[in-house]
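A closer look at the structure
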Amino acid sequence: MLLVIPDVLSQTKLTEIQSILQQASFVDGRLSAGGHAARVKHNQELPPQAEQLQRLNQLVMNTLVQHPQFQQAALPHRIASPFYARYGQGQTYGDHIDDPIMGPAPGQRYRSDISCTVFLNPPNAYEGGELVIHTTFGSQRVKLPAGHAVIYPSSSLHQVSEITSGERLVAVTWIQSLVRDAARRELLYELSRARTTLMQTQPDAEVTAQVDHSYVNLVRMWSDI
Ligand code: NI
């Protein structure tokens, strides 16, 4: 499931994030890429020791993880510290699949089930730079307003098309979900939306309790913690 989560970040937060990134020093993004990905990755990232990361993570991650649609769709178990990436003119990230296991050391490792990109500057600030995700239903080209996020299965082949002018700013992160299988997560997401609607419109109806019980017990059945 490819899902756009609109308006994750407010304009106030975006303004602060953009001003922090404008003053930050970036390094070659290939330093953080493994295997094949390093050969096709041409961008810049904030280094892991950058002093701005704590504030950026407060602004971006605290808001993202509390977003109800993100919670419903991702069912997060572990969430990575994001990378803050900058793509300038001529830069691109060719077709690749994200690393399956991430984290710096044993005990801090996690499996990437879901990839997430948060767009940090407006689409008219750059030409090109679409996130192209290859799905069984064809390629999806994603270029979203600042503050919007997209999540998609980490098993998807994807790329960032070349930036032909301007500058693209994003945060990218990965989630280990409570539910490993993407098809099961999608079913749970649909069921949870029905459950939310029923709870709002018919809180005391028997059907609401039945859907709620089925949802809760499916999460129990399919969670792999
Ligand atoms: Ni990727």
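Anything mentioned here points back to the structure above.
For the structure given in this document, a descriptive report is provided here. Note that this is a predicted model, so its numbers are computed, not measured.

As for the nonpolar core
One recurring pattern in soluble globular proteins is that nonpolar side chains are buried together. Ranked by size, the top nonpolar core spans 32 residues in total, and within it Leu21, Leu46, Val60, Tyr84, Val118 and Leu120 carry the most contacts. With residues up to four places along the chain from it excluded, the contact list for Val118 reads Leu9, Val60, Leu64, His148, Ala149, Leu169, Val170 and Ala171. Counting residues in each nonpolar core, the second largest holds 23 residues, with Tyr87, Phe119, Val142 and Leu144 among its members.

What to know about the coordination of the nickel ion
Around the nickel ion, the donor atoms from the protein are His96 (NE2), Asp98 (OD) and His158 (NE2), and they sit 2.1 Å away. Mapped onto the polypeptide sequence, the residues donating to the nickel ion form the spacing pattern H-x1-D-x59-H. Neither residue differs from the other here; His96 and Asp98 are each classed as buried.

Description of the environment of His77
Inspection of the secondary structure assignment puts His77 in strand 5 (residues 76–79). Among the residues examined, His77 registers a relative accessible area of 33% and is labelled partly exposed. In the structure, His77 is positioned 84 residues away from Ser161 in sequence and 31 Å away in space, judged by C-alpha atoms. Beyond its immediate sequence surroundings of up to four residues, His77 is in contact with Gln176, Ser177, Leu178 and Ile225.

Structural notes on the sheet that holds strand 13 (residues 138–142)
The antiparallel open sheet is built from five strands, whose spatial order is 3-7-15-12-13. Bordering the open sheet on either side are strand 3 (41–42) and strand 13, each of which pairs with just one other strand. Where strand 3 and strand 7 (residues 92–96) come together, two bridges link them in antiparallel fashion. When the sheet's bridge partners are listed, His42 is paired in strand 7 with Thr92.

Structural notes on unusual backbone geometry
Unusually for a residue other than glycine, Asp7 sits at a positive phi of about 50°. With respect to the helices and strands, the residue Asp7 is situated in the loop between strand 1 (3–5) and helix 1 (11–23). The phi torsion at Leu75 lies on the positive side, around 45°, for a residue other than glycine. As for its position among the elements, Leu75 is in the loop between helix 4 (68–74) and strand 5.

Some remarks on helix 1
With 13 residues, helix 1 ought to run about 18 Å at 1.5 Å a step, and its terminal C-alpha atoms sit 19 Å apart, in line with that. Every buried residue of helix 1 is listed here: Leu14, Ile17, Ile20 and Leu21. The buried side chains of helix 1 occupy one side of the element, clustering within an arc of 130° when seen end-on. Residues of helix 1 that are exposed and angled more than 90 degrees away from the buried face: Gln11, Thr12, Gln22 and Gln23. Where helix 1 is buried, its residues meet helix 3 (53–66), strand 6 (83–87), strand 10 (114–119) and strand 17 (168–177).

Conventions and cut-offs
Residues numbered from 1 in each chain as written. Predicted model: local features only at pLDDT ≥ 70, side-chain atom pairs only at ≥ 80, totals over all residues. Heavy atoms only, no water. Core = buried A, V, L, I, M, F, W, Y, C linked by side-chain atoms within 4.5 Å. Buried < 20%, exposed > 50% of the residue type's maximum accessible area, 1.4 Å probe, protein only. Contact = heavy atoms within 4.5 Å. Donors = N, O, S within 2.8 Å, 3.2 Å for Na, K, Ca; no water. Helix = DSSP H or I, 4+ residues; strand = E, 2+ residues; numbered from the N terminus. Pairing = 2+ DSSP bridges. Expected span 1.5 Å × (residues − 1). Arc of directions from axis to C-beta.

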